[in-house]
Structure formats: C-alpha cells, structure tokens
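# Coordinate analysis (summary)
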Amino acid sequence: MKQKQSLIVLGILGVALLALYFLPLIVFAKHILILTLFYAFLGTGWNLMCGYAGRLSLGHAAFVAVGAYTSILLFKEFSLTPWLGMLVGGVLAVVVMLLIAWPSFRFGLKGPYFTLASIAVAEIVHNLLVYGRDITGGSLGLSLPYVPTSLAQFQFDGKGEYYLVILVFWLAAMFLTIKMERTRYYLEAIREDEDAASALGISVNRNLIISACISAFLVAIGGTFYAQYFRYIDPYSIAGFSLSLNMALVVVIGGSGTIFGPTIGAFLLIPMTELLRMSLGAQLPGLHLFLYGILLVACVIYLPKGIASLPGIIKAKREKKALQIQQTSEGVQ
Amino acid sequence: MLLQIIASGLLLGGIYALLSVGLNLIFGVIKIVNLAHGDFLMMGMYATFFLFTLKDVNPYVSVLIVFPAFVLIGVVVFRVIIKPLLGKAETEVNTIIATAGVGFVLQNLALMLWKSDFRAIETNLTGKSYEFFGVLLSAGRTWTFVICIIVALLLYYILMKTKVGTHIRAVSQDTDAATLMGINVNRIYTLTFAAGIALVGIAGSIITPTFYVYPTVGLYFNTMAFIIVVLGGLGSFTGALIGGLLIGLVESFAGVMASAELAQVFSLLIFLIILFVKPEGIMGKGARV
C-alpha cells in the first residue's frame, strides 16, 4: 500500500472508531474495545522491530513492565503525573532495549538465538521485580493510589476517557509506522538478505537499533496505560511470558510486517477471547487460551503471512483460475 | 557444608541434564527450537502423577509406560505441526511460534482438565535420605539422578554405536550428503523428534516424586533447559550433560548465598553473555550431536 492510501485508510478507521465513543455501549463492550485497541497498539510497537526486521522477540513484556512500574512508582513516591512518568518509563525501556539490542545486533544474533536472548531478558526483569519486593511489592505487585477523575493525573472513573486515550495512542503509533516508510523498506531488505542490504549501502545495525528503540518506547507507553487502566500491576501478568506471547500472536495472526496486520489481528482475536473468557471462563478456565493456541498453530501452518495476506492469496488464485480458463478455451480453438 | 552443597547441586544438575538432552537432540538434528519442551515435561509429570494416584504405579516404573506414549505423541506432533513448516524461508521463526503455540495449548489443556492446583505424590521414598560420609542425599533425588545417568549413557551408546545413531549423526552433520547416502532424512527427523519428546516425558516421570506438578511448571524448566543447552553448546550432547551439572551447582551455591530469584538472574546473565560473546562458536557447533 502506498503511504497516501494507508493514511486515508487510517483516517477512515480513526473516524469510525471515534464514532464508537458516542454510541451508548454497555461497559463490557467498552472494556473489550479498550483492550482491543491496547493490543493493537502493543502489536504495532512489536511489529516495528519483530515484524519488519524479522527479529522475533518473545520478551517484549519486559518493556511493558518497565513502563508500567516506572510510571506507577514515580506517581506513588514523587506524585509525578503519569503523563510524564510514561515518558520516563519509555526512555528507561529504550535504555534496557539498548542493553540487549546493541550487543545482539553487534554480534549478529539472529533467528532462534535472538528469540532466546529476548526471553532471557524478560525473565531477568521478571525475577528482579520479584526480588526487589521492598520497592516493587514483589509477587504481590503494586496498586495505583486512587484519585478522582483527573486528566492531569491520567485517572478516570469512566471507561470512555480511557478509550479516547488509547485511541489517540494507537493513531499515533500507526501514523508513525506509516511515516517511517523508508525505514520499513530498509528493515524488510535486512530481513530478506542482510548482506545484500548492507552491500546496497543500508546501515544494518543503525536501522535495527532505531526500530528496536522505537518499538520498546511504544510498548513501554502501553505499559503505563495498562497500569492506569487496571490500577494494579504484578510481575506475573505484566512481565510474564504470556503477555509477550500474546503481543506476538496478535501480530502473527493479523500479518506481521504489514501496517494494518497488528490491528486486524487484535480486532479479530481480543473480542473473541474476551467473549469466550466471559462465557466459559468460570466453568473452564483456560479454554479461551487453549483455542487461542490452536488458532495460532493453524495460522502458522496454513496462513504463515497472516490474515492481511488473504486478499493477495485470493487474488493470486483467481488469476490462476482465469489463466487456466483462458488456456483451456485457447486449447478448444 | 561445602560437600553438601556440591552434592545437592550435582543431584539437581543430573535432572537438568536429562531435561536438556531431548531439547538439544531436536535442535542438533532438525535445527528447530522447541519452545514447548517444558510443557511436554509437565505432561509427563501429570501422566506419572495420575498413574501413581489412580493405578498405584511407581513413578520410576511409569517410565515404561510414559516413554512409548510420548514417542507416539512426538510422532503425531512432528507429522501434523512441524513437518509442514520445514524447508521454507521462514522455518526458524515459524517453528518457534508454532511450538510456543503448542506449549500454550498444553498449559491451558492442563488448566482445563486438572485446574491450577499444586499436586505432589508421596511415595515410600518421600522424606527419606541416604547418608554418605556425612553428606545427606534425598532418596528421591538420588534415584532420579541414577536413572538420569543410565538414560544418558543409553542414549550415548545408541548415538555412537548403533546404525540408527550413525544415521542420526549423519543427518545432523549434513542433510544433503545423508540423503545421497540413502538415508531417509524424513524418517530420521520423525524419530529424533519423537525421541526428544519421549526423553523429556520420562524426565517428567522421574522428577514427579520430588517436584510439585501444576500447569505452568514447564515454564521454569523451559528456561533452565535453554540456559543449559546454550551453555553447553546448542546441538552438543556432552555439552548438555556438563551444562546441566554446572547449572545445578551454580543454583545450589547461589541459592545458599543469595535468594532463589537472584540465582536465576545469575544463570540468565551467564546465558546472555555466552550468547553474545560466543555466537559463532555456538552456532558453528550446531552440527554435532
């Protein structure tokens, strides 16, 4: 898709999603919408590095945790508004990302080795959060001190405001992804053939590190949103492997390395899992995640490029069919 | 005291070694990372748990049932999920995602079927210990260690001395050359995957007497297995054995001197440093079993 086309699609989606804000939806529907956009946002951040550059990270929850813990601790200890805490958290996440990304790319870590390193980093963050119980509350986690609705303190009593906030975050992330057209092409070239890309004059490490840092920053901001929305964080849910995996799932199923893939994936998966959790979670805990896993495996086998690639596949099939018909009719003549 | 720490470290290390051997075998031969490894261990533990509580089968004897069952499971998983993904441009990434998905499915299957309760079994070895020269060894862990060593030696013998073992080693070194020599690579892949899964299954069996069973127990062991395998060199059989014993010792010492969380952070840091500073050494050695 051309940049202009993508921006138009984004504009239409933005207006449609904004219109949803004015609909009298029940609270649960609003919650689902917020979660969906939250995952679309995280997925967009993840996709920037892992989708385009093909460096599969299964440890991005570490950056979510850094963002969430930083803003919540700054708010608790120094009553710094989470809006600023969010930026501090983002910068800290970039620092953590540099600690791992620089040596990884410098030493040419890729494929499964990079994935393993990313998992290890998330495990380290997880363990440190549990270990530093005097500050982080250990496995018990932290809860956000309550403040009545206040824009300055990023706390609202209703869900509508949170919806608007995450909508803006998502729009910004999408806009950034679309605008980074050149970097995206560089990253794709690096993913396909690193040596060829570098022979063409693309600075491989520089582009990888830029994308990794932006990715970590966005995901950390998502962490602050999570903390403000749920008002409670703990190492297991925010730095655990399942959040990392969920983030990757949304993108892989939607279509990794595409602009709208993460959003498509989120809009397909999150409402489905939330509804399943809602209807069956009490009788059969785990069923929704069980189905999630099966869907993921099926998707990797049958649709490795995600749902975003469906139109292309259908088009190719049609063209092939048309070609066959043409050939048979020519044969008759 | 020092001897005691070393002894319990080695006993733990033996378990870690057996845990990692299967993972390493699969990586060394098929060149894929099985992220569901720890979850197959969890399934092995549940199988043993229920065989013991319902049918009164001794956990060490249940190995005889778990091994063939897990060979079958391994064959099915390989045929249905792994094989369609092999030999493509994005095989590495796709197999990681697919096996992560399999792990997710297994964890939640366990959660659905058996709830998130922590379960443990009480055998006639529970609470007993042996004393050697003033060093106390937990009876359960000692027997587990002995079986680990036996299994590892058997595996080593099969890989080095039998025809199948030679075939497996040939495939791991050079798939194309092996095909030209008339080796059915596909069969060897299936066999290796099934063997890897069965090995971790019986590792699950023999650790059940000394560890709790719960749906996410695999996550912890998964991390350990990967640390050990990378430490010893991905694809290197003896590396996994040495790595396992080493990490057992590290954990034992760090657990006494600091806390359990810091012990794991320490292992993870060693893992990262090895990944960073010895990448070509680790990657280059991928061909050896």
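Along every chain, residues carry numbers that run from 1 in the direction the sequence is written. Chain letters start at A and ligand numbers start at 1, both assigned in the order the entries are written. Thresholds applied to this predicted model are a pLDDT of at least 70 for local features of residues and 80 or more for the giving and counting of side-chain atom pairs; totals over whole chains, interfaces and linings are not thresholded and use all residues.

## Thoughts on the overall build of chain A
Secondary structure is summarised from DSSP: a helix means a run of H or I of at least four residues, a strand means a run of E of at least two, and numbering begins at the N terminus for each. Secondary structure summary: chain A contains 15 helices and 2 strands in total. Atoms counted for the radius of gyration: C-alpha only. Globule rule: 2.2 Å times the number of residues to the power 0.38. In terms of overall size, chain A behaves like a compact globule, its C-alpha atoms giving a radius of gyration of 21 Å where 333 residues would be expected to give roughly 20 Å. When the backbone C-alpha atoms are referred to their principal axes, chain A occupies close to 85 × 50 × 40 Å. Partly exposed residues are those whose C-beta has more than 12 but fewer than 20 other C-beta atoms within 10 Å; 20 or more makes a residue buried and 12 or fewer makes it exposed, with C-beta atoms placed from the backbone. Buried positions account for 47% of the 333 residues belonging to chain A. Here the contact rule is simple: place C-beta atoms from the backbone, and any two residues whose C-beta atoms are within 7 Å are in contact. In chain A, 77% of the contacts between residues at least 6 apart in sequence involve partners at least 24 apart.

## Focus: the domain arrangement of chain A
Note: domain ranges come from an automatic or database domain assignment. Splitting chain A by domain gives domain 1 (3-302) and domain 2 (308-333). Put simply, the middle of domain 1 of chain A and the middle of domain 2 of chain A, counted by C-alpha atoms, are 40 Å apart.

## Some details on the pairing of strand β2 (residues 135-138) of chain B
All names here are of chain B. Any two strands with at least two DSSP-identified bridges between them are counted as paired. Judged from the 4 bridges that link them, strand β1 (residues 129-132) and β2 form a sheet pairing that is antiparallel. Directly across from E131, in β2, lies its bridge partner L136. Following β1, the chain reverses through 2 residues before pairing antiparallel with β2; F133 in that reversal takes a positive phi of roughly 45°.

## As for the interface of chain A and chain B
Many structure descriptions define interface size as the accessible area lost when the parts assemble. Each side of the interface is counted separately: chain A has 38 residues, and chain B has 35 residues. If you list the elements that add at least two residues to the side of chain A that touches chain B, you get α5 (112-131), α12 (241-254) and α14 (287-302) of chain A. Counting residues per element, the side of chain A that touches chain B draws most heavily on α5 of chain A, which supplies 12 residues. Any residue that is not Ala, Val, Leu, Ile, Met, Phe, Trp, Tyr, Cys, Pro, Asp, Glu, Lys or Arg is counted as polar, Gly included; the first ten are nonpolar and the last four charged. Residues that form the side of chain A that touches chain B fall into these classes: 30 nonpolar, 7 polar and 1 charged.

## Let's talk about the packing of helix α2 (residues 37-55) of chain B against helix α9 (residues 217-232) of chain B
Relative orientation and spacing of two packed helices are given, respectively, by the angle between their axes and the distance between those axes. Residues and elements named next belong to chain B. In this analysis, axes come from line fits to C-alpha atoms, helices being fitted only over the stretch in contact, and the angle between any two N-to-C directions falls in the range 0 to 180 degrees. The geometry of α2 relative to α9 is characterised by a closest axis approach of 7 Å and an angle of 130° between their N-to-C directions. On the basis of their axis angle, the class for α2 and α9 is oblique. Where α2 crosses over α9, the handedness of that crossing is right-handed. Side by side, α2 and α9 meet where H37, G38, D39, L41, M42 and M45 of the first sit next to V217, G218, L219, F221, N222 and A225 of the second. The residue inventory of the contact of α2 with α9, partitioned by class, reads 7 nonpolar, 4 polar and 1 charged. The labels follow the angle: roughly parallel below 35 degrees, roughly antiparallel above 145, roughly perpendicular from 65 to 115, and oblique for the rest. Crossings are assigned a handedness: left-handed for a near helix turned anticlockwise from the far helix by less than a right angle, right-handed for a clockwise turn.

## Quick notes on unusual backbone geometry
The bulk of non-glycine residues show a negative phi, and the bulk of peptide bonds are trans. Phi angles above zero are rare outside glycine, and F154 of chain A is one such case at about 55°. Relative to the assigned elements, F154 of chain A resides in the loop between β1 (142-143) and α7 (160-179). With 24 C-beta atoms packed within 10 Å, F154 of chain A lands in the buried category. Its identity as a non-glycine residue notwithstanding, D56 of chain B has a phi of 60°, on the positive side. With respect to the helices and strands, the residue D56 of chain B is situated in the loop between α2 and α3 (63-82).

## Details of the nonpolar core
In this structure, V64, A65, A117, I166, A216 and A248 of chain A together with L19 of chain B are the most contacted members of the largest nonpolar core, which totals 194 residues. For this core, the leading source of residues is helix α1 (residues 2-30) of chain B, giving 15 residues. Dropping the residues within four chain positions of it, A216 of chain A is found in contact with F63, A93, V94 and M97 of chain A. Buried Ala, Val, Leu, Ile, Met, Phe, Trp, Tyr and Cys residues form a nonpolar core when they are connected through C-beta atoms within 7 Å.

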